[in-house]
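An overview of the molecular structure
Take a look at the letters that make up each chain.
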Number of protein chains: 2
Amino acid sequence: MNEPDCLFCKISAGEIPADIVYEDDKVLAFRDIAPKAPTHILVIPKRHIATINNIREEDAHDVGLLFAAAAVIAKQEDIADEGYRAVMNCNEAAGQTVFHLHLHILGGRSLDWPPG
Amino acid sequence: MNEPDCLFCKISAGEIPADIVYEDDKVLAFRDIAPKAPTHILVIPKRHIATINNIREEDAHDVGLLFAAAAVIAKQEDIADEGYRAVMNCNEAAGQTVFHLHLHILGGRSLDWPPG
């Protein structure tokens, strides 16, 4: 299920500390260590999936749970009403650095368009 | 299921034309009319969900299918390997203008960080 050399698998297993803001059976969320907004949280599936390219129909429920968690977290962080951006990067052109799916939640400020 | 005044429900119902690049039972994808990258596609659930704030656990499968479709589309558009960014905006701070869930897929160029 988990990849021994994956940073986010290690965080998920409690082997590396993180500032955790949400956890359930399938999902973990923690603050980004290089925040780009007053609220900047990473929401990950506990199960290792490397990139969006690897998502198949049978993974859909687990991936969608990241967004159900995002809705809970946005309320917790008091950014739900004013709004926030959810971003997932795939591979080099988008700057993906950890190859374990993670949804960035950015809020607490206005976000420009285009998104990078 | 659909909202009579929703632009994306109308596109989904075929009442308003769009440059459709992918369709299955639950998901529709079409090119953004104001593209911000060489590839800029919107992936929507056919079922009306207004914002991320409205996503509950029972919606997770349908939301995750947007990413399974994104993986197929990225391959189709030949941006899968080089990479792309997937973005979903919620409410005003993020610039959400159509209140029907839509996942922006941007690729074909390098994307800066932060994402807006």
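Below, the structure is looked at part by part. Predicted model only: the values in this text are computed from it and were never measured.

**Here we look at unusual backbone geometry**
- With omega at 10°, the peptide bond leading from A:Trp113 into A:Pro114 counts as cis.
- Looking at where A:Pro114 falls in the secondary structure, it is placed in the segment after strand 5 (103-107).
- You will see that B:Asp78, though not glycine, has its phi angle at about 65°, which is positive.
- Topologically, B:Asp78 is positioned in the loop between helix 2 (60-76) and strand 4 (84-90).
- Residue classification places B:Asp78 among the exposed residues on the basis of a relative accessible area of 65%.

**Section: helix 2 (residues 60-76) of chain A**
Residues and elements named next belong to chain A.
- With 17 residues, helix 2 should reach 24 Å at 1.5 Å per residue; the first-to-last C-alpha distance of 25 Å fits that figure.
- Of all 17 residues in helix 2, 13 are buried; the element is thus mostly enclosed.
- Backbone geometry just after helix 2 places Asp 78 at a positive phi near 65°.

**Regarding the relation of the copies chain B and chain A**
- The transformation that overlays chain B on chain A combines an axial shift of 0.0 Å with a rotation of 180°, and the residual RMSD is 0.0 Å. Such a turn and shift between the copies fits a two-fold axis.
- Looking at the interface residues of chain B, 100% of them are also at the interface in chain A, so both copies use one shared face.

The rules behind these values
All residue numbers refer to position in the chain's written sequence, counted from 1. Each chain takes a letter, starting from A, and each ligand takes a number, starting from 1, following the order in which they are written. Per-residue local features of the predicted model are confined to residues with pLDDT of at least 70, and side-chain atom pairs are confined, for both listing and counting, to 80 or more; whole-chain, interface and lining totals are unaffected and use all residues. Computation of side-chain values covers all heavy atoms of the structure but excludes hydrogens and water. For helices the rule is a DSSP run of H or I covering at least 4 residues; for strands it is a run of E covering at least 2, with both sets numbered from the N terminus onward. Only protein chains enter the area calculation, which uses a 1.4 Å probe; residues under 20% of their type maximum are buried, those over 50% are exposed, and those in between are partly exposed. What a helix is expected to span follows from its residue count: subtract one and scale by 1.5 Å. Superposing copies: least-squares fit, C-alpha atoms only, residues required to have pLDDT of at least 70 in both. Pairs of residues are marked as contacts when any of their non-hydrogen atoms sit within 4.5 Å.

Treat this as a map of the structure, not an account of what it does.
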